[in-house]
Amino acid sequence: MKYLSILFISIFLFSNNENETASIKNITKDLETTKALDSLSNDVKVTFIELGSVRCIPCQQMQKVIKSIDEKYGDQVETIFYDVWTEAGKPYAKTYNIKLIPTQIFLDKNGKEYFRHEGFFPEEELIKVLKKQGVK
């Protein structure tokens, strides 16, 4: 890991091209997401990623759904929210190739996407998607 960090720093310091710098930032963000997924408990069956914004009305409605999912299935479902209208969240919009917000992405326990939905997603329908991966 130490050598990987040195590599990223070296590339960043010697790069004058903004595209290369953006690419390094995306790689770093991908590594952060991978680390987050790796650190999940073995009990987690689904990672539910919500890409939206706190300033978007349908996204605000989804926050209530996310909270409910956390309360009901917190030991089996890891929820992650990225505000793609912020500098910190923008790379995730590109990483997950989203076209509109809110977008929900569901990853199985191996980190592979198995379902995607765009727009507001009612809790009852969302739960059906979770149950496809054995969430009880």
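Please refer to the structure placed before this passage.
This one's a predicted model, so the numbers in the text were calculated from it and none came from an experiment. (Residues numbered from 1 in each chain as written. Predicted model: local features only at pLDDT ≥ 70, side-chain atom pairs only at ≥ 80, totals over all residues. Heavy atoms only, no water.)

Describe the sheet that holds strand β1 (residues 46-52), listing the residues and the values that go with them.
With mixed pairing, the 4 strands of this open sheet are ordered in space as β2-β1-β3-β4. Each having just a single partner strand, β2 (77-83) and β4 (113-118) make up the two edges of the open sheet. Within the sheet, the average angular offset between the axes of one strand and its neighbour, ignoring direction, is 15°. Sheet topology note: the β1/strand β3 (residues 103-107) ladder contains 5 bridges and is antiparallel. Each bridged residue has a counterpart across the sheet, and for Glu50 the counterpart in β3 is Gln104. Along the sheet, helix α3 (residues 57-73) makes contact with β1, β2 and β3, crossing β2 at roughly 160°. (Pairing = 2+ DSSP bridges. Helix = DSSP H or I, 4+ residues; strand = E, 2+ residues; numbered from the N terminus. Axes fitted to C-alpha atoms, helices over the stretch in contact; angles between N-to-C directions. Contact = heavy atoms within 4.5 Å.)

Can you break down the pairing of β4 residue by residue, with the values?
The sheet contact formed by β3 and β4 spans 5 bridges and is antiparallel. Across the sheet, the residue bridging to Gln104 is His117, located in β4.

So what's going on with helix α5 (residues 123-131)? Residues and values would help.
Looking only at α5, the buried set comprises Glu123, Leu126, Ile127, Val129 and Leu130. For α5, the buried positions fall inside an angular range of 155° around the axis, keeping them on one side. Against the buried residues of α5 lie β1, α3, β2, β3 and β4. (Buried < 20%, exposed > 50% of the residue type's maximum accessible area, 1.4 Å probe, protein only. Arc of directions from axis to C-beta.)

Please set out the packing of aromatic side chains residue by residue, giving values where relevant.
The tally for this structure, following the rule as stated, stands at 6 aromatic pairs. For the ring pair Phe106 and Tyr114, a centre distance of 6.2 Å and an interplane angle of 55° mean the geometry is tilted. On the basis of relative accessible area, Phe106 is assigned to the buried category, the value being 0%. Its relative accessible area of 23% is what places Tyr114 among the partly exposed residues. Centre to centre, the rings of Phe115 and Phe121 are 6.1 Å apart; their planes meet at 15°, and the pair counts as stacked. For Phe121, a relative accessible area of 5% gives the class buried. Put simply, the rings of Phe48, Phe106, Tyr114, Phe115 and Phe121 touch in pairs and so form one group of aromatic residues. (Phe/Tyr/Trp six-rings, centres within 6.5 Å; stacked < 30°, edge-to-face > 60°.)

Let's hear about the nonpolar core: which residues, and what values?
Core analysis: the largest hydrophobic core is formed by 15 residues, its most contacted members being Phe48, Ile69, Tyr73, Val77, Phe106, Leu126 and Leu130. Every element with two or more residues in this core is listed here: β1, α3 and α5. Tallying contributions element by element places α3 first for this core, with 5 residues. When residues no more than four places from it in sequence are discounted, the contact partners of Phe106 are Val46, Thr47, Phe48, Lys112, Glu113, Tyr114, Phe115, Phe121, Leu126, Val129 and Leu130. Formed by 14 residues, the second largest nonpolar core is a distinct cluster that contains Leu51, Tyr92, Ala93 and Leu107. (Core = buried A, V, L, I, M, F, W, Y, C linked by side-chain atoms within 4.5 Å.)

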